[in-house]
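# Understanding the architecture of this molecule
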Amino acid sequence: MMNQMHFLLPLAIAIPLGMGFILPLLGRKFTRLADVLANLTTASLVVLSVLLLISNVQLGKPAVYWFGGWQITASGTIFGINLVLDGLSALMITLVAVVSFAATLFSSRYMDQYTARGKYYGLFMLMITGMNGCILTGDVFNLYVFLEIAAVSSYALVAFGCERDELEAAFKYLILGCVASTFVLLGVVLLYAQFGALNMAQLGQRIASVEPTRGSILALLLLLSGLGVKAALVPFHAWLPDAHPSAPAPISAMLSGVLIKAIGVYAIIRVIFNVYGFTDQLGMTLMILGTLSMVVGVVLALNQWDFKRLLAYHSISQIGYVVLAIGLGTPLGILAGLFHLANHAIFKSLLFLSAGAVQYRTGTRQLDEMGGLAQRMPSTSRSCLVASMSIAGVPPFNGFFSKLLIIIACVQAGRWGFAIWAVIVSILTMASFMKVQKYAFYGKLKEKWAQIREVPLVMRYSMILLAVLCLAMSLLIVPGISAAVLEPARDALHQGVKGYQEAILVLLGSGG
Amino acid sequence: MTGMTVIVKTITRWTAALIFLYGAYLVLYGHLSVGGGFAGGIILACSYVIMILAYGGKETIHALPKAVAARLDSIGALAFLILASLGMFGGFFFSNWIRDIWPGQQFRVFSAGIIPLANIAIALKVCVSLFLIFFILASLRMTRKGDKIEFRSEEVD
Amino acid sequence: MVTQLLTFLLIFMIIAALKALMTPRLLSAAISLGAVGLGVSFVFLLLRAPDAAIPHIVVEILVLLLLIRAAIRREVKTVSGQRDIFGAAVAAVLLLLLLALIVPVFSEDLSFGAQPVWAVTNPQVELASAHYLSRGLSETGSANIVTAVLLAYRGYDTLGEATVLFAAILGALVLLRPRARKPLEEK
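Because the structure is a prediction, the values reported are computed rather than measured.

### Re the overall build of chain B
If you tally the helices and strands in chain B, you get six helices and two strands. Helices (α) and strands (β) of chain B occur, in sequence order from the N terminus, as α-α-α-α-α-α-β-β. For chain B, the proportion of its 157 residues judged to be buried stands at 48%. Accessible surface for chain B amounts to roughly 7700 Å². Of this, 71% is attributable to carbon and sulfur atoms.

Here it is, written out as structure tokens:
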């Protein structure tokens, strides 16, 4: 039965897509119904993604689903679109589901400050659709289409409050995002013009069959810079520090937690490892981009007093860790990078949610205006503390293990310089979050905050859920659990072009 | 938006009908000749847009209120998704299950299974979408408060 | 002949786009943009792609109407303010760099309107496009191959594109709603 699970694959896209069409129909009177439906949808996605994760482990090889039954022909012509579920996509889709569940739970009370709840959830669901589509697809043009769905809905969500600065941030994001999307499209066009294929496995096969041409290198360059903007790698990061803080808190959590990973980092590593094939130059490029992001992000974060903006800069920095580790190209490096990616999704969304909780009650994002909030908002303060310790790399929280693995991987690969940078950035991150804790939650309670209360129950539950996950994810370091979740994901990348092709082109011989 | 002179209105009424017919033709014959849901839907939207221009917003909104348009937008998209999902009965998402049961005759309107139906769904979606976007942006009012310029849609939903 | 016409259209479109960028008057910018769109539609027609040309020209008309309505009825008629010389210079350098990379590839490595390069060297492999042409009608029942590709072979992509449009419209509806925030009700 579990082996048939891949027939559920399109549901990961169809469920949020359908809800994305239905939820905007709900008007003002059905606000609570919209909350319930949205939460049910994300909960069902969590169940679905866990099922897919389990079935992937049991199957032991990637599952392929051809839309419309247009399977690959015996002569090897691919003319349909396929979905591919391997270890990496199973991991990513679970992350998206978990973070979006926490975000919808949080939204059900947080969004009381805004109007148009049905439309909000509609856009939210479309964003999930876009991310799931990107993660599962095995076709480059389809990747572009779903990337656009996720991006277009996120533009509107960033400006959901319609304030002047929010609109400005969203406009900046829109312009940069459109340029990036155009680059991606141009890259896809160039690939198609040269190789006559859009399927990633087939493209990989054809790219490998000839010497690297100017055209294919240019296509890679365009794809990397386009997707680099989506992933907010330095020097393509300019939009992120404006866009992520401007959005409503659950959306910031989604954007920083999963969006930049699903349509940015994931797409980049998919293209590099499974289409072009990993080379040392590409690895070096990734490592340099990663280290740059890591350092620049944290340095810019140090001087921030705006809570959410500080978190946004740390997102750039943490994504740098992920890209650096994956750029090493060693099995341990990839494992560590993916582990950190998963951890970052959890603790960064928790941080944004707790920043949102503080803003919900105090109405401010400035750290120096807060102070002593731990006395009035104990749950928020504790979950924020957990997340801060995770991101700062304090044992036994998940961030510690992934950062440790990254540093070990750097040393193992003989990249001492990068290891030292990773340590320095880690210390700076810790300093930055000690500042956050000191100014926001500890110290003297200010007079004007004497009367505020803890946030509503569902918002607390959502934060506690993520805080528990922050601790629980540490278990992924245990070999048995890692073998079920992280190692299939690592293998999907480490087996490279060949492994990915075999998954899809093996079906050729057996006739699917 | 009060509308234009009676000459313009009369001519518009006739041309809008013709444009509408052409759009409908493109949609329904999309699987046989040039056209399809997107092209036809946009032309259908065009016929509404010239009505807005000639008659003014009030009259047109009477014919197709914004709330209804927003609903139709969702319904069109949903119809396409449902058509695709029903393909699950044929074994796959997007499989042409109607054609498996009832292939029809090639080069006739009633053929190709879900394709004409999908065209209609897309046309509905595209037409209403473009109508909506035109209507929202056309009813946008700019108010100047001191140095600040504010854009707000006119009517409240 | 087609190549010359295409080159002419390309130059026309570049000039119109530059005009749209440079002019301070909103109305002329809108009209110049319309000219670019018209050029694109003609290019599609010349390349014998009426399925792309029809929607494109109609969308261009609609957008032009919209922009003109937005541009002429409003208090703001011109764009004022200083041009950012440094930013423009950086943009120009980056653009030239991009062109320097792209132009050789498109002009030398890829010939216009030809088969994919890979297919020329590997003629034994059937491309997806050849499959669409030879078996599109029998497999999907749609005589219009463009529709067959759009709604049968790659229907999933079309669903995605319709969703992009839907998301954009929903986003516009959301951003232009009369009131965005409301005070919290304490319970």
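### What to know about the overall build of chain C
When its secondary structure is counted, chain C shows eight helices and zero strands. Along the chain direction, N to C, the helices and strands of chain C fall in the order α-α-α-α-α-α-α-α. Here the C-alpha radius of gyration of chain C, 22 Å, is well above what a compact globule of 187 residues would show, namely 16 Å. The principal-axis extents of the C-alpha atoms in chain C amount to approximately 65 × 55 × 30 Å. Of all 187 residues assigned to chain C, the portion counted as buried reaches 37%. When the accessible surface of chain C is totalled, it reaches about 10600 Å², and 73% of it is carbon and sulfur.

### A look at the nonpolar core
Counting 266 residues, the largest nonpolar core has L88(A), M131(A), M254(A), L338(A) and F80(B) as the members making the most contacts within it. No other element matches the 20 residues that helix α10 (residues 249-276) of chain A contributes to this core. Leaving out residues up to four positions away in the same chain, L88(A) has contacts with Y266(A), I269(A), R270(A), L338(A), P488(A), A489(A), A492(A) and L493(A). The next biggest cluster of nonpolar side chains, apart from the first, holds six residues, and it includes L9(C), M13(C), V36(C) and V43(C).

### Examining the interface of chain A and chain C
Accessible area lost upon the coming together of the parts is a frequently used measure of interface size. Of the residues lining the interface, 62 residues belong to chain A; the matching set on chain C comes to 47 residues. Summing both sides of the interface, chain A and chain C together bury roughly 4800 Å²; the carbon and sulfur share of this comes to 66%. Three residues stand out in chain A for area buried against chain C, namely W70(A), F79(A) and R214(A), and they jointly supply 13% of the buried area on that side. Counting across the chain A and chain C interface gives three salt bridges.

### Some points on the side chain of S246(A)
Residue and element names in this part refer to chain A. Relative to the helices and strands, S246 resides in helix α9 (residues 240-246). A relative accessible area of 9% means that S246 is categorised as buried. Within polar-contact distance, the side chain of S246 engages the backbone oxygen of D242 at 2.6 Å. For S246, the residues in contact, after removing those within four places along its chain, are V158, D165, E166, A169 and R365.

### Let's talk about the state of the cysteines
For the structure shown, the criterion picks out zero disulfides over all chains. Its sulfur unpaired, C470(A) is 10 Å from the next cysteine sulfur, which belongs to C384(A). Using a relative accessible area of 0% as the deciding quantity, one classes C470(A) as buried. Looking at C46(B), it has no disulfide partner, and the nearest cysteine sulfur is the one in C127(B), 10 Å off.

### Some remarks on the interface of chain C and chain B
At the interface, 39 residues of chain C touch 54 residues of chain B. Approximately 4200 Å² of surface area, both sides summed, lies buried where chain C meets chain B, with 75% of it carried by carbon and sulfur atoms. Put simply, chain C and chain B have zero salt bridges between them. A total of twelve residues in the side of chain C that touches chain B trace back to one element, the largest contributor, which is helix α8 (residues 155-175) of chain C. Partitioned by chemical class, the residues of the side of chain C that touches chain B number 24 nonpolar, eight polar and seven charged.

### What about the domain arrangement of chain C?
The domain architecture assigned to chain C consists of domain 1 (1-81), domain 2 (84-114) and domain 3 (116-179). For domain 1 of chain C and domain 2 of chain C, the distance between their C-alpha centroids amounts to 21 Å.

### With respect to the pattern of salt bridges
All names here are of chain A. Tallied over the entire structure, the rule returns 15 salt bridges over all chains. Salt-bridge contacts for R270 lead to D86; the nearest nitrogen and oxygen are separated by 2.9 Å. Linking R270 in helix α10 with D86 in the loop between β2 (82-85) and α3 (87-110), this pair joins segments that are 184 residues apart in sequence. Residues R270 and D86 agree in their burial class; the two are buried.

### Quick notes on the environment of I15(C)
Residue and element names in this part refer to chain C. Among the structural elements, I15 can be located in helix α1 (residues 2-22). Look at I15 and you get exposed, because its relative accessible area is 54%. Note: C-alpha distance between I15 and V36 (21 residues apart in sequence) is 8.7 Å.

### Notes on the pairing of β2(A)
All names here are of chain A. Neither face of β2 is exposed, since N82 and V84 on one face and L83 and L85 on the opposite face are all buried. Bridge count for strand β1 (residues 63-66) against β2 is four bridges, and the pairing is antiparallel. If you follow V64 over to β2, its bridge partner there is V84.

### Describing helix α5 (residues 140-158) of chain A
Residue and element names in this part refer to chain A. Look at α5: 27 Å from first C-alpha to last across 19 residues, which is about the 27 Å you get at 1.5 Å a residue. Counting buried positions along α5 yields 18 of 19 residues, so the element is predominantly enclosed. With a side-chain oxygen positioned 3.1 Å from the backbone nitrogen of F141, the residue opening α5 is D139.

### Structural notes on helix α4 (residues 66-86) of chain B
Over its 21 residues, α4(B) extends 30 Å from the first C-alpha to the last, a length consistent with the 30 Å expected when each residue adds 1.5 Å. Looking at α4(B), one finds that the buried residues are K66(B), A69(B), D73(B), S74(B), G76(B), A77(B), L78(B), F80(B), L81(B), L83(B) and A84(B).

### Focus on the environment of A88(C)
Note on placement: A88(C) falls in helix α4 (residues 85-109). Separated by 30 residues in sequence, A88(C) and W118(C) have C-alpha atoms that sit 39 Å apart.

What counts and how
- Residues numbered from 1 in each chain as written.
- Chains lettered and ligands numbered in written order.
- Predicted model: local features only at pLDDT ≥ 70, side-chain atom pairs only at ≥ 80, totals over all residues.
- Heavy atoms only, no water.
- Helix = DSSP H or I, 4+ residues; strand = E, 2+ residues; numbered from the N terminus.
- Buried < 20%, exposed > 50% of the residue type's maximum accessible area, 1.4 Å probe, protein only.
- Areas by Shrake-Rupley, 256 points an atom, 1.4 Å probe, with all protein chains shown as cover.
- Rg over C-alpha atoms; globule rule 2.2 N^0.38 Å.
- Core = buried A, V, L, I, M, F, W, Y, C linked by side-chain atoms within 4.5 Å.
- Contact = heavy atoms within 4.5 Å.
- Buried area = accessible area lost by both parts, 1.4 Å probe.
- Salt bridge = Lys/Arg side-chain N within 4 Å of Asp/Glu carboxyl O.
- Polar contact = N/O pair within 3.5 Å; in protein donor to acceptor, adjacent residues only side chain to side chain.
- Disulfide = S-S within 2.5 Å.
- Nonpolar A, V, L, I, M, F, W, Y, C, P; charged D, E, K, R; others polar.
- Domains from an automatic or database assignment.
- Pairing = 2+ DSSP bridges.
- Expected span 1.5 Å × (residues − 1).

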